[in-house]
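Per-entry structural report
Here is how the chains run, residue by residue.
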Amino acid sequence: MAADGNIGKIQELIYEIRVCDVMKGNVITVSPQTPMSELRRILREKRISGTPVVEGDKLVGIISLDDFIRWMAEREQDCPIGEKMTRNVQTLYSDEPLILAVNRFDQLGFGRFAVLDRKSERLLGIITKGDIVEGLLRKLEIDYYKEENQRHEEQHFFEDILADKSVLFFRYDVMGHDFKRAGESASRLKATLRRLGLNPQIVRRVAIATYEAEMNLIIYTDGGRIRVRVQPHEIAVRVEDSGPGIPDVDKVMRPGYSTAPEWVRELGFGAGMGLNNILKCSDKMDLRSALGKGTRLSICISIEEGAKSEAN
Amino acid sequence: MKLKDIERILGAEIVAGIGLREKDIEMACGSDLMSDVLAFMKSGSLLLTGLTNPQVVRTAEMTDLGAICFVRGKKPDQETIDMAESKNIPLLTTPLPMFESCGRLYRRGLPGCSEYTE
């Protein structure tokens, strides 16, 4: 049944997609004056089996490997491509639906068609059967990705749980000074929350706040832990480290205040906005720190609020 | 505006997410400060930036950005490209500098994140 569905989908797509969506632009062309002896080098170097022949802006013919082999077999003198090329080239217009191209390939048995702009008749590109297959596969992949995402969004994990109280708990361990892996915890948390079918805006706020906090662990501490507690009504994130601690908590909350080292700033971070951004993303935030002992950041993001705003 | 329009307007090359050229991009922002991106950019928008480290892709992932375009001919390294591919975030690179890139897109009607209304 799934296979039938896919075939139906492809049939729809070949009416939807246009020639210009799958053709290859920047075509390699030759002039009718180019000698046949040159053609072999061009075909081989560019790994193509045929190419349009263009004079000025105008398409005057097409020359293929077949033409070249025929010329070789007849052991003729070298001559300009113009004498051996196929004139009366079958072309397609870039705005035509793919189905038309498919039918033409079927009827005429050609390996390729030149694609022209309908107004100017200028050569825009070339299309082969391979391009059509590739274009369809690409489109199917995009659609599949969209569907897959939607499927995740449609799940509502908590609604399927029958209990008086349900709590999910996740822990992520963050290494200090490991800038390369910065954001891995926030990324894993984000993917997990999405899978639970939570509102994307809520997930985004949690992800941004957690990422900022994870960055702080990496930039300023030797590492720490991120603990996340998910309940049907709210998500709580607690980020803890064991030092060095913040000397003045009020001061670090001031926008633009930063003690970040230069290398961090060069990477686009450490502008003294992180904690403010965490505050902005959360419904409740608490920051406590003891010098030499460590820092604890707790934030709460309400799920019900977000669900409400989605319903409105 | 579709990603393929942005590709054309900026004379850009798509270095990751080549299959996502039909993606809709409704607004954009230019910044080299990831802190600003995290604080002010909206879901689905295009980020124009001169930074190419993997954290730019991480930032885009967290904020649900639609695409990233590196300006002034900067090419990201393989690690950045791989991360973008795995997160389905398209990466473009344009030879144009930041100001010209933003200007061209704005002139063609792509609004900024702060003025965009649904």
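Residues numbered from 1 in each chain as written. Chains lettered and ligands numbered in written order. Predicted model: local features only at pLDDT ≥ 70, side-chain atom pairs only at ≥ 80, totals over all residues. Heavy atoms only, no water.

With respect to the overall build of chain B
Tallying secondary structure elements over chain B gives 5 helices and 5 strands in all. Shown N-terminal to C-terminal, the secondary structure of chain B runs as helices and strands in the order α-β-β-α-β-α-β-α-β-α. Computed over the C-alpha atoms, the radius of gyration of chain B is 12 Å, within 12% of the 13 Å expected from 2.2 N^0.38 for a compact globule of 118 residues. Referenced to the eigenvectors of the C-alpha coordinate spread, the extents of chain B come out at roughly 35 × 30 × 25 Å. The buried share among the 118 residues of chain B stands at 55%. (Helix = DSSP H or I, 4+ residues; strand = E, 2+ residues; numbered from the N terminus. Rg over C-alpha atoms; globule rule 2.2 N^0.38 Å. Buried < 20%, exposed > 50% of the residue type's maximum accessible area, 1.4 Å probe, protein only.)

Overview of the overall build of chain A
Helices and strands together make up the secondary structure of chain A, namely 13 helices and 10 strands. Since a compact globule built from 312 residues should have a radius of gyration of about 20 Å, the 31 Å found for chain A marks it as more spread out than a globular shape. On the principal axes, the C-alpha backbone points of chain A span a range of 90 × 50 × 35 Å. Evaluated residue by residue, chain A yields a buried proportion of 42% over its 312 residues.

Some words on the pairing of strand β10 (residues 294-302) of chain A
Residue and element names in this part refer to chain A. Among the 9 residues of β10, 8 are classified as buried, and the element is accordingly described as predominantly covered. Taken together, the 7 bridges between strand β8 (residues 234-241) and β10 define a ladder with antiparallel strand orientation. Counterpart to Ile235 in the pairing with β10 is Ile301. Judged from the 7 bridges that link them, strand β9 (residues 284-290) and β10 form a sheet pairing that is antiparallel. When the bridges of β10 are listed, Ala290 appears paired with Gly294. Hairpin connection of β9 to β10: 3 residues between the antiparallel strands, including Gly292 at a positive phi of 80°. (Pairing = 2+ DSSP bridges.)

Looking at the pattern of salt bridges
What the rule picks out here adds up to 25 salt bridges over all chains. Linking A:Arg227 and A:Glu240 is a salt bridge whose minimum nitrogen-to-oxygen distance equals 3.0 Å. You can see A:Arg227 sitting in strand β7 (residues 223-230) and its partner A:Glu240 sitting in strand β8, a full 13 residues away along the chain. Of the residues examined, A:Arg227 reaches a relative accessible area of 25% and is grouped as partly exposed. Residue classification places A:Glu240 among the partly exposed positions, given a relative accessible area of 26%. For B:Glu61, the salt bridge is made with B:Arg58, and the minimal N-O distance between the two is 2.9 Å. Remark: B:Arg58 and B:Glu61 occur in helix α3 (residues 54-62); sequence separation between them is 3 residues, near one turn of the helix. In this pair, the class of B:Glu61 matches that of B:Arg58, namely buried. (Salt bridge = Lys/Arg side-chain N within 4 Å of Asp/Glu carboxyl O.)

Focus on the domain arrangement of chain A
Under the domain assignment, chain A is made up of domain 1 (2-137) and domain 2 (157-311). Summarising the inter-unit geometry, the C-alpha centres of domain 1 of chain A and domain 2 of chain A are found 55 Å apart. (Domains from an automatic or database assignment.)

A look at the interface of chain B and chain A
Counting residues at the interface gives 29 residues for chain B, matched by 30 residues for chain A. For the pairing of chain B and chain A, the buried interface totals around 2,400 Å² over both sides, and the portion due to carbon and sulfur atoms is 51%. Broken down residue by residue, the surface that chain B buries against chain A is led by B:Leu38, B:Gln55 and B:Met62, which jointly contribute 28%. At the junction of chain B with chain A, the criterion picks out 3 salt bridges. Taking the shortest distance from any N to any O, the salt bridge between B:Asp64 and A:Lys190 comes out at 2.3 Å. (Contact = heavy atoms within 4.5 Å. Buried area = accessible area lost by both parts, 1.4 Å probe.)

Considerations on the packing of aromatic side chains
All names here are of chain A. Per the stated rule, a full pass over the model turns up 5 aromatic pairs over all chains. With a centroid separation of 5.6 Å and an interplanar angle of 80°, the aromatic rings of Phe179 and Trp263 are classed as edge-to-face. Of this pair, Phe179 sits in the loop between β6 (168-175) and α8 (184-195) while Trp263 sits in helix α11 (residues 262-266), and the two are 84 residues apart along the sequence. The buried category is assigned to Phe179, whose relative accessible area is 11%. We classify Trp263 as partly exposed; its relative accessible area is 38%. Relative to Phe269, the ring of Phe179 has its centre 6.0 Å away and its plane inclined at 75°; by these criteria the two rings are edge-to-face. One end of the pair, Phe179, is in the loop between β6 and α8; the other, Phe269, is in the loop between α11 and α12 (274-281), with 90 residues separating them in the sequence. For Phe269, a relative accessible area of 2% gives the class buried. The rings of Phe179, Tyr211, Trp263 and Phe269 are connected pair by pair, giving a single aromatic cluster. (Phe/Tyr/Trp six-rings, centres within 6.5 Å; stacked < 30°, edge-to-face > 60°.)

Some points on the packing of α8(A) against helix α9 (residues 200-220) of chain A
Residue and element names in this part refer to chain A. Contact pair α8 / α9: the axes reach a minimum separation of 8 Å and the direction vectors enclose 165°. Accordingly, the angle class assigned to the pair α8 and α9 is roughly antiparallel. As α8 packs across α9, the resulting crossing turns out to be right-handed. Residues Glu184, Ser185, Ala186, Leu189, Lys190, Leu193 and Arg194 of α8 form the contact with α9, whose own contacting residues are Pro200, Val203, Val206, Ala207, Thr210, Tyr211 and Glu214. Taken together, the residues that form the contact of α8 with α9 break down as 8 nonpolar, 2 polar and 4 charged. (Axes fitted to C-alpha atoms, helices over the stretch in contact; angles between N-to-C directions. Parallel < 35°, antiparallel > 145°, perpendicular 65-115°, else oblique. Left-handed = near helix turned anticlockwise from the far one by under 90°. Nonpolar A, V, L, I, M, F, W, Y, C, P; charged D, E, K, R; others polar.)

Notes on the sheet that holds β10(A)
Residues and elements named next belong to chain A. On the basis of which strands lie adjacent, the open sheet formed by 5 strands has the order β6-β7-β8-β10-β9 and antiparallel pairing. Sheet topology places β6 and β9 at the edges, where each strand pairs with a single neighbour. When strand polarity is set aside, the average angle formed by the axes of neighbouring strands in this sheet is 10°. Sheet topology note: the β7/β8 ladder contains 7 bridges and is antiparallel. From the neighbouring strand, Gly224 faces β8, where its bridge partner is Asp241. Of the strands in this sheet, β6, β7, β8 and β10 are in contact with α9, which crosses β8 at around 5°.

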